[in-house]
Amino acid sequence: MPGLAVMQAAGVVGAEDENLRRIDDFAARAVAQGAQILVTPELFATGYAPARVAVSDGAGLRTALGGIAKRHGIALVGSTVEDGRHISASLFDRQGAELARYRKSHLFGAEEQAVFLPGDELPELVPLVGLSVALGICYDIEFPEFARSAAQRGADALLIPTAVPATGDVGGRPPEHTYNAERISTLLVPARALENGVYIAYANHTTPGFTGLSSITSPYGTFLALAGSGEELLVADVDQREVGRARGLNTYLTCRRPELFG
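Residues numbered from 1 in each chain as written. Predicted model: local features only at pLDDT ≥ 70, side-chain atom pairs only at ≥ 80, totals over all residues. Heavy atoms only, no water.

(A) Representation of the sheet that holds strand E9 (residues 199-203) within the structure. What the six strands build is an open sheet, ordered E6-E7-E8-E9-E10-E11; its pairing is mixed. Looking along the sheet, the strands with just one partner apiece sit at the ends: strand E6 (126-128) and strand E11 (223-226). The mean angle between the axes of side-by-side strands here comes to 20°, regardless of whether they run parallel or antiparallel. Pairing geometry for E9 and strand E10 (residues 215-217), over three bridges, is antiparallel. Counterpart to Ala-201 in the pairing with E10 is Ile-216. (Pairing = 2+ DSSP bridges. Helix = DSSP H or I, 4+ residues; strand = E, 2+ residues; numbered from the N terminus. Axes fitted to C-alpha atoms, helices over the stretch in contact; angles between N-to-C directions.)

Put into structure tokens, the structure is as follows:
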């Protein structure tokens, strides 16, 4: 069974060489643990700071990321800025070739929306190590339609670089009446996996500033691996046959009635 790995670490703004070195180190560790795919956090190579990195050299970073994939013989998902206008994610094969690039279609927050444009194309499906995989970026996975569309088109796994900011004090209101970003990782991501029968690899930055809680989720909506708040490498085996079994038990895709909703 192919091994799927997720990197959780802190990308430093203005330290691209160091960030790339960290990805290289995680790639080596992932291969040593039997992984064939490594997913890294959103804009890790530049550090996540939309207004500061919007003019970064995405093309040069993508060349470097492809080189890391080739050097270690592992498929790699890395997120970069494209043309100073889009947050993108690229999938590189183990020879370093860029198989797919996806532009983030749901921009999160005022800062992203001020400096980037949303992508307007669905992620393509790519056959990889026995799976049909699709890319997404962060906020995308919080929209049910995004994951549902990929599953309907035949995706077995969604590979999601993310940068979920931690929520601080919200005025002393009781927890049940506040927004908690951790629920994205612990509630929404497994729900997306369960309701669509897909694996989800979700790679976040660490605290402080971000929630951590990166994960690899099964098509049954269970965590195969779940990070804490600090630096971690998650690795789990995935099996396309489990996608079929999960969808046979949870028949949301076959029982849905889109004609009722327009």
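(B) Structural view of the packing of aromatic side chains. Scanning all chains against the criterion turns up four aromatic pairs. Taking the centre distance of 5.2 Å and the plane angle of 80° together, the rings of Phe-108 and Tyr-139 count as edge-to-face. Of this pair, Phe-108 sits in the loop between strand E5 (98-103) and helix H4 (109-115) while Tyr-139 sits in the loop between strand E7 (131-135) and helix H5 (144-152); the two residues are 31 residues apart in sequence, bridging distant segments of the chain. Through a chain of ring-to-ring contacts, the aromatic side chains of Phe-108, Tyr-139 and Phe-143 assemble into a single cluster. The ring of Phe-26 carries Arg-29 above its face, with NZ or CZ at 4.6 Å from the centroid. (Phe/Tyr/Trp six-rings, centres within 6.5 Å; stacked < 30°, edge-to-face > 60°. Lys NZ or Arg CZ within 6 Å of the ring centre and 35° of its normal.)

(C) Spatial organisation of the layout of surface pockets. One number sums up the size of the largest pocket: a volume of about 180 Å³. Forming the walls of the largest pocket are 15 residues, and the residues nearest its centre are Arg-101, Tyr-102, Arg-103, Glu-121 and Leu-122. Residue assignment for the lining of the largest pocket shows that the elements contributing at least two residues are E5 and E7. When residues of the lining of the largest pocket are assigned to their parent elements, the largest contribution, four residues, is made by E5. In terms of residue class, the lining of the largest pocket is built from eight nonpolar, one polar and six charged. (1 Å grid on protein atoms, 1.4 Å probe; cavity = no way out; pocket = protein on both sides within 12 Å on 5 of 7 lines; lining within 4 Å. Points joined across faces, edges and corners; volume = space filled by probe spheres on them. Nonpolar A, V, L, I, M, F, W, Y, C, P; charged D, E, K, R; others polar.)

(D) Quick look at the pairing of strand E2 (residues 35-39). The buried fraction of E2 is high, at four of five residues. Handedness of the crossover joining strand E1 (residues 3-8) and E2 through helix H1 (residues 16-32) is recorded here as right-handed. Two strands pair when backbone bridges link them, and E2 and strand E3 (residues 75-82) are joined in this way by three bridges, in the parallel orientation. Along E3, the bridge assignment pairs Ile-37 with Ala-75. (Buried < 20%, exposed > 50% of the residue type's maximum accessible area, 1.4 Å probe, protein only. Right-handed = clockwise from strand over helix to strand, strands pointing away.)

(E) Inspection of unusual backbone geometry at higher detail. Pro-208 follows Thr-207 through a cis peptide bond whose omega is -5°. Structurally, the position occupied by Pro-208 is in the loop between E9 and E10. In the Ramachandran plot, Asp-83 falls in the positive-phi region, its phi being about 60° despite a non-glycine side chain. Following the sequence through the fold, Asp-83 ends up in the loop between E3 and strand E4 (86-92). The class for Asp-83 is exposed, based on a relative accessible area of 53%.

(F) Region of the structure containing the nonpolar core. Of all hydrophobic cores here, the largest spans 56 residues; its most connected members are Val-39, Leu-158, Leu-159 and Ile-200. In terms of residue count, the dominant contributor to this core is E9 (five residues). Not counting residues up to four positions away in its chain, the partners in contact with Val-39 are Leu-4, Ala-5, Val-6, Met-7, Val-77, Leu-159, Ile-160, Pro-161, Ala-201 and Ala-203. Counting residues in hydrophobic clusters, the runner-up holds 20 residues, among them Met-7, Ala-9, Ala-27 and Ile-74. (Core = buried A, V, L, I, M, F, W, Y, C linked by side-chain atoms within 4.5 Å. Contact = heavy atoms within 4.5 Å.)

(G) Structural view of the packing of H5 against helix H6 (residues 182-196). Taken N-terminus to C-terminus, the directions of H5 and H6 make an angle of 35°; their axes are 10 Å apart at the nearest point. In the crossing of H5 with H6, the sense of the turn from one axis to the other is right-handed. On H6, the residues that touch Pro-144, Ala-147, Arg-148 and Ala-151 of H5 are Arg-192, Glu-195 and Asn-196. (Left-handed = near helix turned anticlockwise from the far one by under 90°.)

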